[in-house]
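Each chain, written out:
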Amino acid sequence: MKSQSSIQTLKGLLPFLSPYKKQFYLAGVALLVAASATLAIPYAFRQMIDMGFSGQGSIQHVDAAFLGLFAVACVLAIATAARFYMVSLLGERVTTDIRSAVYEHVIEQSPEFFETTQTGEVLSRLTTDTTLIQTMVGTSISMALRNTLLFLGGLVMLFITSPKLSSIIILALAFVVLPIVFFGRRVRTLSRDSQDKIADSSGLAGEILNAMPIVQAYTQEPFEAARFKLSVENAFKAAMRRIRARTYLTAIAILLVFGAIVFVLWLGAHAVMNKTMTGGELSQFILYATIVAGAVGALSEVMGDAQRAAGATERLLELLAAQSNIVDPVNPKPLPPRSSNGATLTLNEIRFHYPSRPDSNALSHLSLAVRAGETVAVVGSSGAGKTTLFQLLLRFYDPQQGQIDLDGINIRDISLRTLRNTIGIVPQDTVIFSANAMENIRYGRIGATDDEVVAAARMAAAHEFIEKLPEGYQSFLGERGVRLSGGQRQRISIARALLKNPALLLLDEATSALDAESERLVQGALESAMKGRTTLVIAHRLATVQKADRILVMEHGHIVETGTHSTLVAEGGIYAKLAALQFQTFES
Ligand SMILES: Nc1ncnc2c1ncn2[C@@H]1O[C@H](COP(=O)(O)OP(=O)(O)O)[C@@H](O)[C@H]1O
Ligand SMILES: [Mg+2]
């Protein structure tokens, strides 16, 4: 049954709920007390009516009945408040835990995950979906329990009051439950659909807001506005489908429940006229019937919420279940102590295609041995596979065939942390966080002192321009570093890598955005930084390449030529042609 599977989905939340067993028990006790107090009220009422107004009782009886009623109200107030506090706390607590857990899990995923999942979608899951769960844990669970208790308790009391009328009411309620269950199922599927549509539009907005300059330069604002409108309108339509189903659910539930009660009351009124029932008994019966009916109504509403929460849970569990293809080895091997020359690197017959492109190898038959301390330049036209090579070294992807050894150890046997701590990379696309210059560079090694950061900045020829910023190293660089030029961003990125002081340094066209003057400065800095470490540098300018110990020329995922500048020029191959053109044909 579908409604069962919804409950099963919610079981996925148990690991998040179980640390708070104590709070749940306390909330349960408060709930039980409050429900009992509620159930005592009709009984007190009957006492009042039959003893007081029918003239059989004394004034003392009336006083006692009212005092009892007030006592019940006091208990009800305290127990309800306590329950509210407990379950609200649980709701907030559990949601916070889920948010952290999902985020922690998502940021460990390999790049493949982020190729197929929009970041905006993840954000929507973290906010909207967790809020639904918060509603459920913080309100719906206790509502469900409370109303179940009231329903069962009320039912028992109904039977005690009048077995005959109660039997009729039960029969009627049985007919009521079926349509409610049917519509409940529908609400659940529709609610998942609705949440998905919201996540879609968040994903879209996230991407476009990050690309505003391009959108405006191409005057595509109307296009983007229309696209987003379409997306939120879709979300609206999905929401309306859910709301309509829920509307029917509400109408049907109330109509059926109250219809049944009115019918039974009509019978009851006849019973009082025939003197087979007292007025007090009928009042008591009415109140219990109201409680039972109210409980059924509330339960159907809760069911809708629970179904929405089940949809949300399903999606969050999906995120939590995502397994990165890149996993830490079970028994990681330590790297040998760092040598004063840096790391050695061996690639043996590597073949690799991106997961999304199984038919085309980005790298094939690629073998390479780099000595400690060596500087190797990698050149080749755009799309040759240079950046891909770096991605494999960092284990963002694993090759389908072949093995990569760092200091003689297969990188699959090294913990990801150790591996990546050994490598420093200046990527092709620089990443700047919305923080100041100091913090952006310090990201290379959290815990580095201010002086160490400044020293790294000097090495990367970044010190001078940072000093000139309005607040020096404390200047905020804007979201994604929008307040810097491309060359300045690149120098921050280089400083960050140098601060890390890695044994293996990877530079991916690290100087491509620099003007001739800053390139000369950075070049000098990089040359001194290359001492005591192994460096792979993807470059598109002759000046950088000429100084390398060895040059690799890549073409369609293979290494097609290797040698030094002079040997390669002498060979008269691809490199010689490129060198003759001063590498002008290289794209960055
Ligand atoms: N994430 C990816 N998914 C699928 N294909 C990719 C991905 N990244 C790069 N490629 C493809 O792999 C090939 C090599 O790319 P890359 O290594 O970036 O070249 P470059 O030598 O310019 O750095 C190209 O054909 C490119 O289209
Ligand atoms: Mg590249």
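Residues numbered from 1 in each chain as written. Chains lettered and ligands numbered in written order. Predicted model: local features only at pLDDT ≥ 70, side-chain atom pairs only at ≥ 80, totals over all residues.

1. Re the overall build of the chain
Right, on to step 1. A count of helices and strands for the chain gives 20 helices and ten strands.
Right, on to step 2. Taken over the C-alpha trace, the chain has a radius of gyration of 35 Å; the compact-globule value for 588 residues is 25 Å, which it surpasses by more than 25%.
Right, on to step 3. Considering the chain as a whole, with its 588 residues, one finds that 38% of them fall into the buried category.
Right, on to step 4. Restricting to contacts in the chain with at least 6 residues of sequence separation, those with at least 24 account for 80%. (Helix = DSSP H or I, 4+ residues; strand = E, 2+ residues; numbered from the N terminus. Rg over C-alpha atoms; globule rule 2.2 N^0.38 Å. Buried ≥ 20, exposed ≤ 12 C-beta atoms within 10 Å, placed from the backbone. Contact = placed C-beta atoms within 7 Å.)

2. Section: the site of ligand 1
Right, on to step 1. Around ligand 1, the surrounding shell holds 13 residues, and the nearest of these are Y354, A362, K386, T387 and T388.
Right, on to step 2. Ranked by residues supplied to the shell around ligand 1, first place goes to helix α11 (residues 386-393) with three residues. (Near = placed C-beta within 6 Å.)

3. Re unusual backbone geometry
Right, on to step 1. Located in the positive-phi region is T219, a residue other than glycine, with phi close to 40°.
Right, on to step 2. Structurally, T219 is set in the loop between α8 (212-217) and α9 (221-273).
Right, on to step 3. On the basis of neighbour count, T219 is assigned to the exposed category, with 8 C-beta atoms found within 10 Å.
Right, on to step 4. A positive phi angle is found at E509, which is not glycine, with a value near 50°.
Right, on to step 5. By the secondary structure assignment, E509 is in the loop between β7 (504-508) and α17 (516-529).

4. Quick look at the packing of α9 against helix α10 (residues 279-321)
Right, on to step 1. With their axes 10 Å apart at the nearest point, α9 and α10 run at an angle of 170° to one another. Comparing their axes, α10 and α9 come out roughly antiparallel. Each of R246, L249, A253, I254, V257, F258, I261, V264, L265, G268 and V272 in α9 lies in contact with α10, whose residues at this interface are G279, L282, F285, I286, A289, A293, V296, G297, S300 and G304.
Right, on to step 2. Classifying every residue of the contact of α9 with α10 by side-chain character gives 15 nonpolar, five polar and one charged. (Axes fitted to C-alpha atoms, helices over the stretch in contact; angles between N-to-C directions. Parallel < 35°, antiparallel > 145°, perpendicular 65-115°, else oblique. Nonpolar A, V, L, I, M, F, W, Y, C, P; charged D, E, K, R; others polar.)

5. Thoughts on the domain arrangement of the chain
When the parts of a complex come together, some accessible area is lost, and that lost area is often used as the size of the interface.
Right, on to step 1. For the chain, the domain assignment lists domain 1 (2-321) and domain 2 (345-580).
Right, on to step 2. Computed from C-alpha coordinates alone, the two centres of domain 1 and domain 2 are separated by 56 Å.
Right, on to step 3. On the side of domain 2, four residues touch domain 1, which itself brings four residues to the contact.
Right, on to step 4. Considered class by class, the residues forming the side of domain 1 that touches domain 2 number one nonpolar, one polar and two charged. (Domains from an automatic or database assignment.)

6. Considering the sheet that holds strand β5 (residues 409-410)
Right, on to step 1. Read from one edge of the open sheet, four strands run β2-β1-β4-β5, paired in antiparallel fashion. Edge positions in the sheet fall to β2 (363-370) and β5, since each has one partner strand and no second.
Right, on to step 2. Sheet topology places strand β4 (residues 401-406) next to β5; two bridges connect them, and they run antiparallel. From the neighbouring strand, L406 faces β5, where its bridge partner is I409.
Right, on to step 3. Most of the contacts of α11 go to strand β1 (residues 345-352), to which it runs at about 115°, and overall it touches β1, β2 and β4. (Pairing = 2+ DSSP bridges.)

7. Describing the sheet that holds strand β3 (residues 375-380)
Right, on to step 1. The strand order across the open sheet built from six strands is β6-β7-β8-β3-β9-β10, with neighbouring strands paired in mixed fashion. With partners counted over all chains shown, the strands left at the sheet margins are β6 (423-426) and β10 (558-563), one partner each. Averaged over all pairs of adjacent strands, the angle between strand axes in this sheet comes to 20°, irrespective of strand direction.
Right, on to step 2. Judged from the five bridges that link them, β7 and strand β8 (residues 534-538) form a sheet pairing that is parallel. Counterpart to L505 in the pairing with β8 is T535.
Right, on to step 3. Packing against the sheet, α11 makes contact with β3, β6, β7, β8 and β9 (550-555), and its axis sits at approximately 150° to β7.
Right, on to step 4. Of the strands in this sheet, β6 and β7 are in contact with helix α16 (residues 486-500), which crosses β6 at around 175°.

8. Quick look at the nonpolar core
Right, on to step 1. Counting residues in each nonpolar core, the largest one holds 72 residues, and the members touching the most others are A460 and A495.
Right, on to step 2. No other element matches α16, which puts six residues into this core.
Right, on to step 3. The next biggest cluster of nonpolar side chains, apart from the first, holds 57 residues, and it includes L13, A27, I169 and V264. (Core = buried A, V, L, I, M, F, W, Y, C linked by C-beta atoms within 7 Å.)

9. Let's talk about the pairing of β8
Along any regular strand the residues' side chains alternate between the sheet's two faces.
Right, on to step 1. Counting buried positions along β8 gives five out of five residues, so the element sits mostly inside the fold.
Right, on to step 2. What you see with β8 is no split at all: T534, L536 and I538 on one side and T535 and V537 on the other are buried throughout.
Right, on to step 3. Relative to β8, β3 runs parallel, the two sharing four bridges. If you follow V376 over to β8, its bridge partner there is L536.
Right, on to step 4. This β-α-β element, β7 to α17 to β8, shows right-handed connectivity. (Right-handed = clockwise from strand over helix to strand, strands pointing away.)

10. Let's talk about the pairing of β7
Right, on to step 1. β7 sits mainly inside the fold: five of its five residues count as buried.
Right, on to step 2. Here β7 shows a buried face lined by L504, L506 and D508 and a second buried face lined by L505 and L507.
Right, on to step 3. Note that β6 and β7 share four bridges and pair parallel. Directly across from I423, in β7, lies its bridge partner L504.

11. Considering the environment of G311
Right, on to step 1. Note on placement: G311 falls in helix α10.
Right, on to step 2. Along the chain, G311 and I133 lie 178 residues apart, while their C-alpha atoms are 9.5 Å from each other.
Right, on to step 3. Sequence-distant contacts of G311, that is, excluding residues within four places in its chain, are made with R188, S191, R192 and Q195.

12. A word on the confidence of the model for the chain
Right, on to step 1. The share of residues in the chain with pLDDT of 70 or more is 96%, and the mean pLDDT across the chain is 85.
Right, on to step 2. In the predicted structure, residues 1-5 sits below a pLDDT of 50 and forms five contacts with residues beyond four places in sequence or in another chain.
Right, on to step 3. Below a pLDDT of 50 lies the segment residues 584-588, which in the model reaches nine contacts outside its immediate sequence neighbourhood of four places, other chains included. (pLDDT = per-residue confidence, 0-100.)

13. Here's the deal with α17
Right, on to step 1. Look at α17: 19 Å from first C-alpha to last across 14 residues, which is about the 20 Å you get at 1.5 Å a residue.
Right, on to step 2. Three or more residues of α17 are buried, namely S518, E519, V522, A525, L526 and A529. The buried residues of α17 occupy an angular sector of 130° when projected down its axis, which confines them to one face. Pointing more than 90 degrees away from the buried face of α17 are the exposed residues A516, E517, G524 and S528. (Expected span 1.5 Å × (residues − 1). Arc of directions from axis to C-beta.)

14. A closer look at the packing of helix α14 (residues 450-459) against α16
Right, on to step 1. Two elements in contact, α14 and α16, have axes separated by 8 Å at closest approach and are oriented at 125°. Of the possible angle classes, the one that applies to α14 and α16 is oblique. Considering only the axes of α14 and α16, their crossing is right-handed. Across the interface between the two elements, E452, V453, A456, A457 and M459 of α14 pack against A495, L498 and L499 of α16.
Right, on to step 2. Class assignment for the residues of the contact of α14 with α16 results in seven nonpolar, no polar and one charged. (Left-handed = near helix turned anticlockwise from the far one by under 90°.)

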